[in-house]
Amino acid sequence: MRDAPHSPLSHLSPTSPGFWRSPLRGVRFTSVLGLVLLAGITVLFVTGLLSYAAYNPDLSPVNDQTPDKGLLGFYLFSWPTDPHWLYRLTQGVHVTLGVTLIPVLLAKLWSVIPRLFALPPVRSVAHALERLSLLLLVGGALFEFVTGVLNIQLDYIFPGSFYTLHFYGAWVFFAAFAAHAALKTPKALRNLRRMRAGEEDDELAAPRPDDLAAPRPDSPTVLRRGALRFIGGGALLLFATTVGRSFDGVLRHTALLAPHGGTDPGSGPNGFQINKTASYAGIDPAETGADTWRLVVTGRAGTVRLSRADLRRLPQHSAALPIACVEGWSTSDQWWRGVRLAELAALVGHGDDPPDVLVESLQRRGAFRHAALRANQVADPRALLALTVNGEDLSMDHGYPARVIVPAAPGVLNTKWVARMTFGEL
Ligand code: HEM
Ligand SMILES: Nc1nc2c(c(=O)[nH]1)N[C@H]1C(S)=C(S)[C@@H](COP(=O)(O)O)O[C@H]1N2
Ligand SMILES: [Mo]
């Protein structure tokens, strides 16, 4: 029955169903992959939106300049400070799960390729809309995965614009995804129920139309179950080589896909992951000396200038908190010690009810040289202007002479090499 390898039929164009020969394709194969993505991408969308909320985008343009976030940011809320590992968890899940799902996404797209070429391209208005939503769905998914991966693998490939693109892309994608899921979930569930009912073998089951199956399949070289195991194995491999980014010690060495292996943090109290080094950020050590560096704190009662020795004379408090980067990596809790942000607010006339604060670094260029913190973050007794970590002065790379550390906040808000803090009037 089957055509010889070089018969004219094997040169059909991709728009013809006969062109696609893999016997793996079929509704059930696509359904399994689709349901995994439905669950996984829903988690990606929710954790992504949480990540956006976490850096206080509605507080000040220094945190976020996304135009029209008013509309898309309708859901924003003040990010809590409890539990202190909150962002470590949500963003670790976002990035680790995103990387893990890559093989599933690719396999799912592969499984429906014949459909993308189907002719006629448009049969009716309804069909045109369905195809448009599919275009947004496929394009949107690829776009989100590509921009997501680029952001963690290559620093600032789209300077300043990556997360805006990823944020808009998420909404475009999710609109199409929601429509697609609503249309297809009943069918996918029906297919899986059939599968569980024991109709394991296509040949034995009563014939029913499977519009994803190849009409003239090649002879199989792997079983469908084998293919699913292969895809799952790929996903597991990616997971195993990524998840270590959220831990330290031996586990971090398993994170072979970790992009930030470049800077060896060394050992000792300051020996934990460094994002941008002092020299990368252009920090001049001369500006951090005991005679040169002053912290300028401003509030409604005026301005005070504090040397590092002045800061050390203020009440010192400790907090065990992680660094959790938007790129998904994090450290375990480090033991920070310094002055409470609320205490600094009190010094400049906000003793009763600390307001928002704008924190600015010695750093002159770069997206993270300043950040705005919300009142609830300033008020938390564990939110510190840290002077030491793990019992030793901060290293230059971790933000000497002083850095912010806030419970549950994304790394971007933990400004290093702090020079100025302005309370209120954001
Ligand atoms: C359909 C899949 C995805 C959706 C709907 C989604 C959605 C989002 C959203 C809404 C944000 C917050 C806004 C922003 O910061 O841009 C975000 C942040 C982020 N996502 Fe995704 N994402 C998806 C897939 C991925 C993947 C596959 C990766 C990486 C493997 C990834 C990595 C990131 C990173 C690193 C951030 C932080 C960006 C930053 O704030 O600088 N995302 N995601
Ligand atoms: N001034 C300044 N502060 C900064 C940054 C920066 O580039 N410049 N990077 C931020 C980011 S993105 C993270 S994840 C943390 C990393 O802190 P660490 O290098 O001490 O681990 O610092 C934050 N503070
Ligand atoms: Mo970060």
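*Asks:* Residue-level account of the coordination of the iron atom of ligand 1, with values.
*Replies:* Every protein donor of the iron atom of ligand 1 is accounted for by His94 (NE2) and His166 (NE2), and the metal-donor separations fall at 2.0 to 2.1 Å. Geometry at the iron atom of ligand 1 is octahedral, judged from its six donor atoms and the angles of 84 to 179 degrees they form at the metal. Taken together, the positions of histidine 94 in helix H3 (residues 86-100) and histidine 166 in helix H7 (residues 162-196) put the pair 72 residues apart, joining distant regions of the chain. Each member of the pair, histidine 94 as well as histidine 166, is classed as buried.

*Asks:* Run through the pairing of strand S5 (residues 357-361), naming residues and quoting values.
*Replies:* With four of its five residues buried, S5 lies for the most part within the structure. Bridge analysis of S5 against strand S6 (residues 370-373) gives four bridges, and the strand direction is antiparallel. Bridge assignment links glutamate 360 to a residue of S6, and that residue is histidine 370. The sheet contact formed by S5 and strand S10 (residues 418-423) spans five bridges and is antiparallel. Bridge assignment links leucine 358 to a residue of S10, and that residue is threonine 422.

*Asks:* How would you summarise the site of ligand 2 if you had to cite specific residues and measurements?
*Replies:* The full set close to ligand 2 counts 18 residues, and Gln273, Gln363, His398, Arg403 and Lys416 are the nearest of them. A distance of 2.7 Å separates an oxygen atom of ligand 2 from a polar backbone atom of glutamine 273. Computed on the free molecule, ligand 2 has an accessible area of 530 Å², of which 99% lies beneath the protein chains in the complex. Along the lines of polarity and charge, the residues of the shell around ligand 2 split into seven nonpolar, eight polar and three charged.

*Asks:* Residues and numbers for the packing of helix H1 (residues 27-54) against H3, please.
*Replies:* Two elements in contact, H1 and H3, have axes whose closest approach is 9 Å; the angle formed by their N-to-C orientations is 135 degrees. Our classification of the angle between H1 and H3 gives oblique. In the crossing of H1 with H3, the sense of the turn from one axis to the other is left-handed. When H1 is examined against H3, the residues Gly40, Val43, Leu44, Thr47, Gly48, Leu50, Ser51 and Ala54 are found in contact with a partner set consisting of Tyr87, Thr90, Gln91, Val93, His94, Leu97 and Gly98.

*Asks:* Help me get a handle on the nonpolar core, residues and values and all.
*Replies:* One finds Leu295, Leu311, Trp336, Leu344, Leu385 and Met421 to be the most contacted residues of the largest nonpolar core, which totals 63 residues. Per-domain counts for this core show at least three residues from each of domain 1 (17-240) and domain 2 (278-423). If near-sequence neighbours (up to four positions away) are discounted, leucine 311 is found in contact with Trp293, Leu295, Leu306, Gln316, Val339, Leu344, Leu385 and Leu387. Counting 20 residues, the second largest nonpolar core, distinct from the first, contains Val104, Ala107, Ala141 and Ala227.

*Asks:* Tell me about the domain arrangement of the chain, and name the residues and values.
*Replies:* Domain parsing of the chain yields domain 1 (17-240) and domain 2 (278-423). Computed from C-alpha coordinates alone, the two centres of domain 1 and domain 2 are separated by 39 Å. Taken together, the 26 residues of domain 1 in the interface contact 31 residues of domain 2. When domain 1 packs against domain 2, close to 2,300 Å² is buried across both sides, 53% of that on carbon and sulfur atoms. On the domain 1 side of the interface with domain 2, the three residues burying the most area are Thr81, His84 and Arg88, jointly 29% of the side's total. At the junction of domain 1 with domain 2, the criterion picks out two salt bridges. A salt bridge links arginine 382 to aspartate 82, with the shortest nitrogen-to-oxygen separation between them at 3.2 Å.

*Asks:* So what's going on with empty space enclosed by the protein? Which residues, and what values?
*Replies:* Which parts of space are left empty comes out when a probe the size of a water molecule is rolled across the atoms. Scanning the entire structure with this criterion turns up three cavities of 30 Å³ or more. Put simply, the parts of the chain that give the lining of the largest cavity at least two residues each are H1, helix H4 (102-111), helix H5 (113-116), helix H6 (125-153) and H7. Of the residues forming the lining of the largest cavity, the biggest block, nine residues, is contributed by H7. Lining the second largest cavity are His84, Trp85, Tyr87, Arg88, Leu321, Pro322, Ala324, Val406, Pro407, Ala408, Ala409 and Asn414. Residue composition of the lining of the second largest cavity, by class: nine nonpolar, two polar and one charged.

Rules used in this analysis
- Residues numbered from 1 in each chain as written.
- Chains lettered and ligands numbered in written order.
- Predicted model: local features only at pLDDT ≥ 70, side-chain atom pairs only at ≥ 80, totals over all residues.
- Heavy atoms only, no water.
- Donors = N, O, S within 2.8 Å, 3.2 Å for Na, K, Ca; no water.
- Tetrahedral: all angles 85-135°; square planar, octahedral: opposite > 155°, others 65-115°.
- Helix = DSSP H or I, 4+ residues; strand = E, 2+ residues; numbered from the N terminus.
- Buried < 20%, exposed > 50% of the residue type's maximum accessible area, 1.4 Å probe, protein only.
- Pairing = 2+ DSSP bridges.
- Near = heavy atom within 4 Å.
- Polar contact = N/O pair within 3.5 Å; in protein donor to acceptor, adjacent residues only side chain to side chain.
- Areas by Shrake-Rupley, 256 points an atom, 1.4 Å probe, with all protein chains shown as cover.
- Nonpolar A, V, L, I, M, F, W, Y, C, P; charged D, E, K, R; others polar.
- Axes fitted to C-alpha atoms, helices over the stretch in contact; angles between N-to-C directions.
- Parallel < 35°, antiparallel > 145°, perpendicular 65-115°, else oblique.
- Left-handed = near helix turned anticlockwise from the far one by under 90°.
- Contact = heavy atoms within 4.5 Å.
- Core = buried A, V, L, I, M, F, W, Y, C linked by side-chain atoms within 4.5 Å.
- Domains from an automatic or database assignment.
- Buried area = accessible area lost by both parts, 1.4 Å probe.
- Salt bridge = Lys/Arg side-chain N within 4 Å of Asp/Glu carboxyl O.
- 1 Å grid on protein atoms, 1.4 Å probe; cavity = no way out; pocket = protein on both sides within 12 Å on 5 of 7 lines; lining within 4 Å.
- Points joined across faces, edges and corners; volume = space filled by probe spheres on them.

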